[in-house]
Amino acid sequence: MNLLRIELPPRFQDYGLLILRLAFGFSMIYGHGFGKLTRLFGSEEISFADPFGLGPVVSLVLVVFAEFLCSLLLMAGLFTRAALIPLIFTMATAYFAAHFDDPFGRQEKVILFGFAFIALFFTGPGRYSLDAVLGKK
């Protein structure tokens, strides 16, 4: 028995993808998206970064769309690759527009989210997703 090479059933890869989707989707919603969603519908004047010159309200709406709605889709595994595109774009924008000159400790979260979203884009959602259920019909 080679302990360095443990063979697991193929379904375990799907469990891993499910765990990644749920963990990163929930973390994005809880740590970032929900707070921005409440800012969007709050009573205070919206002040938000505007890296593309679209205006702070439009920029906030786009970020809420990615960080909240697309993260919900990611967790469900519904339209997964399409939902990951705004998330990847948002993480790239956050890195280059807001955290590029920061020390690594401040960049780390956006880097981890970004690369997790890229990896999920390449792997797909796995068997335990609504995409897989809908694809069987």
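Coordinates for the structure precede this section.
Report follows, based on the coordinates. (Residues numbered from 1 in each chain as written. Predicted model: local features only at pLDDT ≥ 70, side-chain atom pairs only at ≥ 80, totals over all residues. Heavy atoms only, no water.)

A look at the environment of Leu54
Alright, step 1. With respect to the helices and strands, the residue Leu54 is situated in the loop between helix 1 (11-40) and helix 2 (56-76).
Alright, step 2. For Leu54, a relative accessible area of 47% corresponds to the partly exposed category. (Helix = DSSP H or I, 4+ residues; strand = E, 2+ residues; numbered from the N terminus. Buried < 20%, exposed > 50% of the residue type's maximum accessible area, 1.4 Å probe, protein only.)

Let's talk about the pattern of salt bridges
Alright, step 1. All told, the structure shown has 4 salt bridges when counted by the stated rule.
Alright, step 2. In this structure, Arg5 engages Glu7 in a salt bridge whose closest nitrogen and oxygen atoms are separated by 2.9 Å. Of the two residues, Arg5 and Glu7, both sit in the exposed class.
Alright, step 3. Among the ionic pairs, Arg106 bridges to Asp102, the shortest N-O distance being 3.8 Å. (Salt bridge = Lys/Arg side-chain N within 4 Å of Asp/Glu carboxyl O.)

Digging into the nonpolar core
Alright, step 1. With 13 residues, the main nonpolar core has Met28, Leu74, Leu84, Leu87, Met91 and Phe117 as its most contacted residues.
Alright, step 2. Put simply, the parts of the chain that give this core at least two residues each are helix 1, helix 2, helix 3 (80-99) and helix 4 (104-123).
Alright, step 3. Other than its neighbours up to four places away in sequence, Met91 contacts Met28, Glu67, Val110, Phe113, Gly114 and Phe117. (Core = buried A, V, L, I, M, F, W, Y, C linked by side-chain atoms within 4.5 Å. Contact = heavy atoms within 4.5 Å.)

Considering a nonpolar patch on the surface
Alright, step 1. On the surface, Ile6, Leu8, Phe12, Tyr15 and Ile19 cluster together to form a nonpolar patch covering roughly 510 Å² of accessible area.
Alright, step 2. Looking at where Leu8 falls in the secondary structure, it is placed in the segment before helix 1. (Patch = residues over 30% accessible without salt bridge, like charges linked within 9 Å, V, L, I, M, F, W, Y side chains within 5 Å. Areas by Shrake-Rupley, 256 points an atom, 1.4 Å probe, with all protein chains shown as cover.)

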